[in-house]
Structure formats: C-alpha cells, structure tokens
Amino acid sequence: MSQKQSLLRSTTIVSAGTFISRILGFIRDSVMAYYFHKSLTDPFYAALRIPNALRQLLAEGALSAAFIPTFTQTMEKEGKQEADDLARSLFVILAFVVSVIVVLGIIFSPQLVRLITPGFSQSGEAKMKLTIHLTQIMFPYLLFVSLAALLMGSLHSLGHFTMPALSPVSLNVCIIAFVVCGGFFVPREKLIYLAGFGFMLGGLTQLLIQYPPLFKMGYYRHLPRLLFHPKIGLVGRLLLPATFGQAVTEVNIFVNLYFASRLIEGSVTYLYFAMRLIQFPLGMFGVALATVSFPTFSRLALLEDRKPLVETVKRSVKTNLFLMIPSALGLVVLGPQIIGLLFDRGQFHRDNSLMPTYYAMCCYLVGILAYSSLKLVLGIYYSFRNMVTPIIVGAVAIVCNIIFNYFLSQWFSYNGLALGSAFASIVNVGLLTLLATRYLGNGWLKGLPWFACKSLLASVVMALTSWLAVKAIPVLANRHLYNGVTVLVGLSVGVGVYLALSWFLMREDLQSVVQRLGKKFAASAK
C-alpha cells in the first residue's frame, strides 16, 4: 500500500470512529439538555472545561507532539525493545506527575474556579459551590486520560488507529448511563453530580481499552527496566515548549470562560453547545486528518528530500478545504433545524436556547478553517522539533483573543466571545502557515488559494440549493419530525449538488479523494 493510500485509509478509520463518538456525544448532550436547566449546565460545562483543557494541554496535545516523534525515531533506529522501554518509563513518570497535579487541583479547586469564573458569584454562592464540587469530582479524569493519551500516541506511531478513534465512545456511554439511570431515583439538582462521576469514570474506561492492542503487539507488558530512560530528557525538553505551543487554544478557552461567566445566564451553555456543533465536522475531518498526518510528517521530516513531505502536506490541506468549507455553509443553512433535532426538547426547549445557540455557532464558524488547520500546521513544526515558533505565534494569538473578547463581548455579548475566538485562531494559523515556508519552501502554497475558491463557489451554490429545498418543505405540526425531514432533504440535496459541481470544477482532486476513501472503506480496519 502506497504512502498516499495509507494516509487516507487511516484518516477514514479515525473519521469513522470519530463519527460514532460524535453521534454518541450528541446523544449525551441531548440528554443533558433534556434533564438540566441552564443554571445547572453552566456550572457543569465550566467545571468540565478545567480538566478537559488540561487534558488537551498536557496530554493529547503537548505529550503527543513530544512523544510521537521521539518514539517513532527510537523504533526506526534502535528497534522495538528500546521504544518499549522508553514508553514504559514515560508511563510511570507521567502517572506520578499527573497524580500530583490532580491532588493539587482538587485541593485548590475553590481558588481555581473563583479565578476562572468570577461572574458566577454574582448569581449566588450556590452556583459557585456547585461549580467547585463538580470540578473536584471530575479532576481525576485528567490522570486517566493523560495515561490513555500516551497509549494512544504509541498506537498511532505503530499505525493502529481503530481503538484510539473509538475510545471516546466509552466516555459518552458512561455519562449517558449515569444520567439516564440516575434520573429515575435522584432529584435533578443532585443528578448533575452523577453526570460528573460519569465523566470521571469515562476517562478510566478510555485508558483501559487502549491497553489490549498494545499488549498484543508486545508493548507495555512489564514495568520499566530503567525508571529514567536516557531519552526521557529529550521528551521532556520537547514537552515543555510544546505545552506552551499547545496552550493557545486552552488559554483562549479559559479567557472565554472568564468573560462568559460575567455575561447573562446561559452564556456558558450556549457557547458550549455551539462549539459542540462545530466540533462534529472538526472531529470527523479536520482533527482526524491531522491525527493520522502527524506520524507521517514525522517520518518524512527525517528525509533529506522535502518533496514527499510537501506533497503530503498539500494533499492534507486540500482535503481539509474540500470537506470543511461546505460543512461550514451547510451548518449555517441547516443550523436551526439541526439544533432543534438534537437538543430542542425538555429543559433546553423551555429555556428558549435554540436561536442563542445558533447565533453563537455562526460566529464560531467564521474561524472553522483555522480551527481545523491548527493541529495540521502544528504537526509540521513538531515534526522538525521546532517548539519555539508556535509559542511565539501563540502568545500573539492569546493577546489578540483577550483584546477581541474584551471589546466584542461588550457589543455582542456571548456572540462576541465566539467571534473573538475565531479571529484569534485566524491570526494564529495564518502566521504559522506563512512561517512554514522555512520547512516546505516558498512555493508550497501554490495552487491552494485557487482550490479554495473553487470549493467555496461549489459550497455557495450548494448552500443556496439546500436553502431553497428546505423552504419548499411545508411546516409540519410535529417540530421534531419537521426538523428531521428538513435536515435529511437539505443534506441530501446539498451533498449531491456539491459533489456534482466539484466534479466539474476540481475533477482530478475529487477523483483522488473518492478513490482513496473507497479503498479505505473497503479495507478492513487494523
């Protein structure tokens, strides 16, 4: 199997697993929206942000960036045994360090929550206390998911993507089970605590299901022979700057949370549900593509000839543009119906949260290409072990986000926070893309703007056609049935029109994507 085929096959596996996880994630969010008033979901989603952001910062982001290139190089040059020794040593050290962080996080949760969400105290001390208690319940999740991220990085380096892609499924199942089962016995104001326990235990299941495939391949079977493997220092030297490089998104999340806590009740909830909708195409296409591309970038970066790397990067960027532009416009056209179908029932409906969520989603969509491209572009720098440039550019983006949020939130409330995040992400990815010429050459962007314009043209026609098709559907008495019919018709018409126009505007690229995706769906997952 060629490098091109392998990359798209792996992308398809990750996308399929992510699709299943996202569907369950929407079911989970639908359950939360049905059971809980926004006075309870605001504290829950604020508390969830803290360990989840630290997970992205310390585990899946920075750890993967530092570990995968080192593990891959060790395996290529020194063999399986040495790579396994490195991985097992890092596992023990990581378990100890993150355990300390978790204990400190639980102890200092009151101070941490009051620092990040000062506005909650204006709604009464009960809201602040609930946020603190939920944070303490969910903090151990960080330990479980950090160790799971290390195992996941090992599997990615070994070319195994199925189990890592499916692991988030267990998290969603745990939360759904705890809330639905507990709903029969526990009052709503107490049921929110069960959702927190479900989140925490979901992290444990994510760790446990990563281990069997690694054990089968002969990894992580014993305690390390050396607690401090010689290359632990190299991982550590890469980890620290990578943490700062990855901090842009996570710091911006806390900045948004800080401002949102000072706005009207429900702002945290609206922004959470809006971002969840954005994360569906991001996880399906953008993140999945970046996940499988990074190990490939790391291997190609070792070659003297940069042409294979440039071709792989351009192919990844084109695929990202081809999928994300129509996804964004499709969400704009069908957003109210999609939100209504997924969430508009129970407490969410009684709170009239549909249109506030839709407006926030549209503001986030301004930066969807930047969100989907960030991990992809960072992968280029991390493949060459350049952790400094992302730090510098990220610092600029953080300052921009604070400035944007301060002014835009005064003018557009929580929608201004979504716009500020989008603008800051555009600044971050734009600068990183321009500076990537150091590794890919001055001509690596050639052809990409023209490809983006063709994709945009096809997407605009698709959006207009979908909108007309939806308008032609008579309003039904049952709003859920109406939303389901309009989403089905709008998506069917939109996808058909987009593919037809793409066939005329960018036939060669479309043929390549369809052929590779077809082969991957036909092939069995590893």
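Here, every reference points to the structure presented above.
Residues numbered from 1 in each chain as written. Predicted model: local features only at pLDDT ≥ 70, side-chain atom pairs only at ≥ 80, totals over all residues. Heavy atoms only, no water.

Trainee: Tell me about the environment of Asp-42, residues and numbers included.
Mentor: Along the chain, Asp-42 falls in helix α2 (residues 38-78). Accessibility expressed as a relative area gives 2% for Asp-42, which makes it buried. Each C-alpha atom, one on Asp-42 and one on Ser-267, is 7.6 Å from the other, the two residues being 225 residues apart in sequence. Once you skip the residues sitting within four places of it in the chain, Asp-42 turns out to touch Phe-120, Lys-127, Glu-265, Gly-266, Ser-267, Val-268 and Thr-269. (Helix = DSSP H or I, 4+ residues; strand = E, 2+ residues; numbered from the N terminus. Buried < 20%, exposed > 50% of the residue type's maximum accessible area, 1.4 Å probe, protein only. Contact = heavy atoms within 4.5 Å.)

Trainee: Give a description of unusual backbone geometry that names residues and reports values.
Mentor: Positive phi, normally seen in glycine, also occurs at Asn-352, with a value near 55°. Its location among the elements puts Asn-352 in the loop between α13 (346-350) and α14 (354-365). Look at Asn-352 and you get exposed, because its relative accessible area is 60%. The backbone phi angle of Ser-413 is positive, close to 55°, even though this residue is not glycine. Looking at where Ser-413 falls in the secondary structure, it is placed in the loop between α16 (388-412) and α17 (414-435). Taking the relative accessible area as the measure of exposure, Ser-413 reaches 22% and is therefore partly exposed.

Trainee: Give me the lowdown on the nonpolar core, citing residues and values where you can.
Mentor: General note: in soluble globular proteins, nonpolar side chains tend to be found buried as a group. Formed by 132 residues in total, the largest nonpolar core has its most connected members in Phe-44, Val-179, Ile-278 and Leu-440. Beyond its immediate stretch of four places on either side in the chain, Val-179 contacts Val-31, Met-32, Tyr-35, Phe-36, Leu-191 and Ala-195. (Core = buried A, V, L, I, M, F, W, Y, C linked by side-chain atoms within 4.5 Å.)

Everything listed here is a matter of coordinates, which is why it stays silent on function.
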